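# Descriptive structure summary
Chain residues, written in single-letter form:
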Amino acid sequence: MTPSKNTSNAPGKSLPGILVWTVIALAGAGALGGIALHRGETINSLWFIIAALCTYLIGFRFYSAFIAAKVLMLDRTRATPAERFDDGRDFMPTNRWIVFGHHFAAIAGPGPLIGPTLAAQFGYLPGTLWILIGAVLGGCVQDFVILFCSIRRDGRSLGQMARDELGPLGGVVAMIGVMAIMIILIAVLGLVVVNAMRHSPWATSTVAMTIPIALLVGLYMRSIRPGRVLEGTAIGVALLFFAVYGGGRIDGMESVRGWFDFDGPALALWVIAYGFAAAVLPVWLLLAPRDYLSTFMKIGTIAALAVAIILLQPELKMPAITSFIDGTGPVFGGKLFPFVFITIACGAISGFHSLISSGTTPKLITNEADARFIGYGAMAIESFVAIMAMIAATVLDPGVYFAINSPAGLVGANAADAVATISGWGYPVTAEVMRGLAEAMGEQTLFARTGGAPSLAVGMASIFSSAFGQGLLSMWYHFAIMFEALFILTTLDAGTRVARFMLQDILGNVVPALGRTSWYPGVIFTSALVVAAWGYFLYMGTIDPLGGINSLWPLFGIANQMLASIALCVATTIIMKSGKAKYAWVTAAPLAWLVIITSTAAWQKLFSPELRVGFLSHANDLATKLADGALSETAAQQAPQLIFNDRLDAALTAFFLMTTWVLMIETVRIALRIFKGLPHLPSAESPHLPSRLVEDWVRD
């Protein structure tokens, strides 16, 4: 990072500016204080909106400006990789709003929706505080800094930057570890998409229609009306709303709905085919316009939800803290620390984001100064999505929340047993209430609909119907399910493309031609390998009656947070090498916290004697019961697969833990050499080249 012209905005010092920001700061502090100290039966959701918006505004206006000006020194006159390597496919200067839309759509997957919903079993307070604090000081910083580092290094992937900055050992461990984590993350994302669209013609047809719409918009803005972003956007958004409406019409037509009514394995094949297409087609043709348009639905839906909450000001019915912080919760096992941080995941900080920030996005940014707006700003909006999800989940009666999210094996297979168990916890609910709610949502039953998505959809539907249309609960419920599917699928396609970049980086060390993103045979070959890897796990998960890839879901949060630790190791090393060691705390502080919580969680998942927490203890318990003949015939048939899944989970957890600590030790080693003035690998930052696009960029 060489000193260069700084174009970041310093916080204004005029009296009106000081007064405005003082009011915002006081309002945010007051709202946070009210949330933290309130102990009544219910609390008004408006406090959460105020606290979140004020926190993000303060963080973006001041903290991100400090990082941009003092730590990174953004330079708008410097040519970016998009300009220098423009190939019309992967590298291409793109309008900042389209890049922002693509980036937000790519990073905003299931985490900010599902994580807060599941973490609500601890109460609304722990998750809300971590979403706000973790995002402003951790998640937004990681995304911003990694995006900047990749821009300054020719759009290199996270694994490649780790090799260049940490050396051969750290680089090899990082590249293999990150690739393995990516395959697991994409497979889990794919399974969530399949489960959301399975036997849902409305969701499937709507998602399918977004693909030709994206192709049309991509061609329109590149070939038909170049540079006319507003026109292309208007056409795309109009068609997107038509797709949503059309999906509902298709769902109501018996003669047509069967065309879009697929089971899990069939949908898995379609998702695999889509992932391959998204990885090999030019980014301007499918990926960027589709993600850009999906962003309007994502942000529009969340904005509408925020407006509805402001209008209705519903009361949160979940207590601030529940009795389940001791680890006895029905939704998932584990105590408040560390599992609230692991479960929230993407709403506060997500390692997956670092792959997007060092994958597709740095190859599209036209102006380096936009890294702050795109990197820090997009993550702040995703964190706001997590706050909305927390509100939507906790406005439900606690009894209803636990009835939807508690597995049948824990609360009972029939409604009578389930309501008796849940009411016994102190959260009363009746079978009649659940039956009426299911009918209103257009579902057969809502008992034991685990995973977070159904309960979130119920909460969103309840708020939307009260604000915008009483009696339309079933429409809003299915809209929310479709919205969640779109949210996730845009992360899957960008993740596949990023994994392809990573694999090209790895194989390029052996066969240089495979490392060139401009060599199309290499692009097709590496894309096929990546899709085959996650596609195998996805397909096996859909046909395996014992769960398959579902058994890997507990790894999602741990792997994601460990990936964030890897990214922050790379970022901290680069900052220290740039001569900014006194500012290394910006990334080192969240790094230290993540290493603590991920190591604790991994250790507990490996060795906890609690059967609902420890992989090995659960596997050993099943093995003992199987050997003793203490299992029923059905359970005995399932036991070998469950034992294998537990041990596979344990092996992957141990591998991810080892990877994190190897890179942490390498980071500390390099830091000590820098402080002592000893020789170390030089910074891999590319030389400064002036941009020709600063004044020539075509705008609407």
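Look a little higher up for the structure.
Residues numbered from 1 in each chain as written. Predicted model: local features only at pLDDT ≥ 70, side-chain atom pairs only at ≥ 80, totals over all residues. Heavy atoms only, no water.

### Notes on the packing of helix α4 (residues 96-107) against helix α16 (residues 370-394)
Spelled out, the test is: Lines fitted to C-alpha atoms define the axes here, with helix axes fitted over just the stretch in contact, and angles between the N-to-C directions of these axes take values from 0 to 180 degrees. Strands here are runs of E lasting at least two residues and helices are runs of H or I lasting at least four, both read from the DSSP assignment and numbered beginning at the N terminus. In this scheme, roughly parallel covers angles under 35 degrees and roughly antiparallel covers those over 145, while 65 to 115 is roughly perpendicular and the rest are oblique. Throughout, a crossing is termed right-handed when the near helix is turned clockwise from the far one, and left-handed when it is turned anticlockwise from it by less than a right angle. Contacts: residue pairs with any heavy atoms within 4.5 Å of one another.
Axis separation between α4 and α16 bottoms out at 9 Å; the angle between their running directions is 40 degrees. The orientation of α4 relative to α16 falls into the category oblique. Note that α4 runs across α16; the crossing there is right-handed. Residues Arg96, Trp97, Val99, Phe100, His103, Phe104 and Ile107 of α4 form the contact with α16, whose own contacting residues are Asp370, Phe373, Ile374, Gly375, Gly377, Ala378, Met379, Ile381, Glu382 and Val385.

### So, the nonpolar core
Where we set the bar: Only buried residues count toward a nonpolar core, which is a set of Ala, Val, Leu, Ile, Met, Phe, Trp, Tyr and Cys residues joined through side-chain atoms within 4.5 Å. Between buried and exposed lies partly exposed: a residue is buried under 20% and exposed over 50% of the maximum accessible area for its type, with that area taken using a 1.4 Å probe on protein chains only.
Ranked by internal contacts, the top residues of the largest apolar core, which has 196 residues, are Met388 and Trp534. A total of 17 residues in this core trace back to one element, the largest contributor, which is α16. Not counting residues within four places of it along the chain, the set of residues in contact with Trp534 comprises Ile183, Ile186, Ala187, Val271, Ile272, Gly275, Leu492 and Thr496. Judged by nonpolar contacts, the second largest core, of six residues, contains Ile213, Tyr220, Met221 and Ala243.

### Structural notes on unusual backbone geometry
Each neighbour pair has its own omega, and for Phe337 with Pro338 the value is 10 degrees, a cis peptide bond. In this model, Gln313 sits at a positive phi of 50 degrees, which is unusual for a non-glycine residue. Within the secondary structure layout, Gln313 lies in the loop between α13 (287-312) and β2 (315-316). You will see that Ala345, though not glycine, has its phi angle at about 50 degrees, which is positive. On the accessibility criterion, Ala345 (2% relative accessible area) is buried.

### A look at the side chain of Asn44
Formally: Polar contact is the term for a pair of N or O atoms within 3.5 Å; when the atoms are in protein, one must be able to donate a hydrogen and the other to accept it, and sequence-neighboring residues count only if both atoms are side-chain atoms.
Counting through the fold element by element, Asn44 comes out in strand β1 (residues 43-44). By relative accessible area, Asn44 is classed as buried at 18%. A distance of 3.4 Å separates the side chain of Asn44 from the side chain of Gln313, its partner in a polar contact. Those residues in contact with Asn44 that sit more than four places away from it in its chain are Gln313, Pro314 and Glu315.

### A short note on the pattern of salt bridges
What counts here: Any carboxyl oxygen of Asp or Glu that lies within 4 Å of a side-chain nitrogen of Lys or Arg is treated as forming a salt bridge with it.
Taken as a whole, this structure holds twelve salt bridges when the rule is applied. With a shortest N-O distance of 3.3 Å, Asp621 and Lys625 are connected by a salt bridge. Of this pair, Asp621 and Lys625 are both found in helix α26 (residues 615-628), four residues apart, which corresponds to roughly one turn of the helix. Connected via shared salt-bridge partners are Arg78, Arg152, Glu368 and Glu685.

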